[in-house]
Amino acid sequence: MKALRYGAWVVLLAIACLVHVQSAKPQEAGHVSDRERLIGAWHLEHIDSPEPEGKPSDNPQPKGMLIYTRDGHMSVQLMYPKSPTTQSNQYVLDGYEASFGSYDVDEARHTLTHHVQGSNTRDLLVGKDLPRSARPDEHWSVTWEHY
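Residues numbered from 1 in each chain as written. Predicted model: local features only at pLDDT ≥ 70, side-chain atom pairs only at ≥ 80, totals over all residues. Heavy atoms only, no water.

A.B. asks: So what exactly am I meant to see when it comes to the sheet that holds strand 7 (residues 141-146) here?
C.D. replies: Strands sit in the order 6-5-4-3-2-1-7 across an open sheet of 7 strands; the sheet is antiparallel. The open sheet has two edge strands, strand 6 (129-132) and strand 7, and neither has a second partner. Shown here is a sheet whose adjacent strand axes are inclined to one another by a mean of 30 degrees, direction ignored. Pairing geometry for strand 5 (residues 111-119) and strand 6, over 4 bridges, is antiparallel. Opposite Thr113, over in strand 6, you have Pro131 as the bridge partner. (Pairing = 2+ DSSP bridges. Helix = DSSP H or I, 4+ residues; strand = E, 2+ residues; numbered from the N terminus. Axes fitted to C-alpha atoms, helices over the stretch in contact; angles between N-to-C directions.)

A.B. asks: What's the story with the side chain of Asp34 in this structure? I'm lost.
C.D. replies: As for its position among the elements, Asp34 is in helix 2 (residues 34-38). For Asp34, a relative accessible area of 15% corresponds to the buried category. Within the structure, Asp34 has its side chain in polar contact with the side chain of Arg37 (distance 2.3 Å). Excluding anything up to four places from it in sequence, Asp34 contacts Val105, Glu107 and His110. (Buried < 20%, exposed > 50% of the residue type's maximum accessible area, 1.4 Å probe, protein only. Polar contact = N/O pair within 3.5 Å; in protein donor to acceptor, adjacent residues only side chain to side chain. Contact = heavy atoms within 4.5 Å.)

A.B. asks: Mind showing me how you'd approach the pairing of strand 1 (residues 40-48) here?
C.D. replies: When a strand is regular, its side chains alternate between the sheet's two faces. Relative to strand 2 (residues 63-68), strand 1 is paired through 4 bridges, and the arrangement is antiparallel. Within the sheet, the bridge partner assigned to His43 lies in strand 2 and is Met65. Across 6 bridges, the pairing between strand 1 and strand 7 is antiparallel. Paired with Trp42 across the strands is His146, a residue of strand 7.

A.B. asks: Sorry if this is basic, but what is going on with the packing of aromatic side chains here?
C.D. replies: Between two aromatic rings, the relevant description is the distance of the centres plus the angle of the planes. Applying the stated criterion to the full structure yields 1 aromatic pair. When the centroid spacing of 4.9 Å and the interplanar angle of 75 degrees are considered together, the rings of Tyr68 and Tyr103 count as edge-to-face. Taken as a pair, Tyr68 in strand 2 and Tyr103 in strand 4 (residues 96-106) lie far apart in primary sequence, 35 residues in all. (Phe/Tyr/Trp six-rings, centres within 6.5 Å; stacked < 30°, edge-to-face > 60°.)

A.B. asks: Can you help me understand the nonpolar core in this one?
C.D. replies: Across soluble globular proteins, nonpolar side chains have a tendency to be buried as a group. Core analysis: the biggest nonpolar cluster contains 9 residues, these being Leu38, Ile39, Trp42, Leu66, Tyr68, Met74, Val76, Tyr103 and Leu112. Those elements that provide at least two residues to this core are strand 2 and strand 3 (73-79). Leu44, Leu78, Tyr80 and Val92 belong to the second largest nonpolar core, which has 5 residues in total. (Core = buried A, V, L, I, M, F, W, Y, C linked by side-chain atoms within 4.5 Å.)

A.B. asks: Hey, could you run me through the environment of Arg122 in this one?
C.D. replies: Along the polypeptide, Arg122 turns up in the loop between strand 5 and strand 6. Take Arg122: its relative accessible area is 64%, and that puts it in the exposed class. For the pair formed by Arg122 and Tyr91, sequence separation is 31 residues and the distance between their alpha carbons is 9.6 Å.

This is how it looks when you write it as structure tokens:
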């Protein structure tokens, strides 16, 4: 009888531990760091860059991919559609924009910094740290979506 009572306590204790572990999992899974949420491949959904007067731009939307690796590397590429006025500026060369490097996330400030090691614009971005955050003074936005 003593062995049966002891066995029942062991089973009861095991069930209690299992319930505690199972109930703790959603809490742990519920807290995902900003850095963890970035990891993976993203596709460009939309670039919103209004004209100086504030009206929406009718520029064709590029295709793009952004990748963040778990070990702290990043790569981004954008390709604008071919058109009679193929976009070129200091960052976009013949309709193409690309850079790669490493990145850091400041969890307290919710900011991301790209450390550019290579770019199709060479010296314009290479060696630069590019902080990324939502800023009210910027009049454009980019929407990325996880694949």
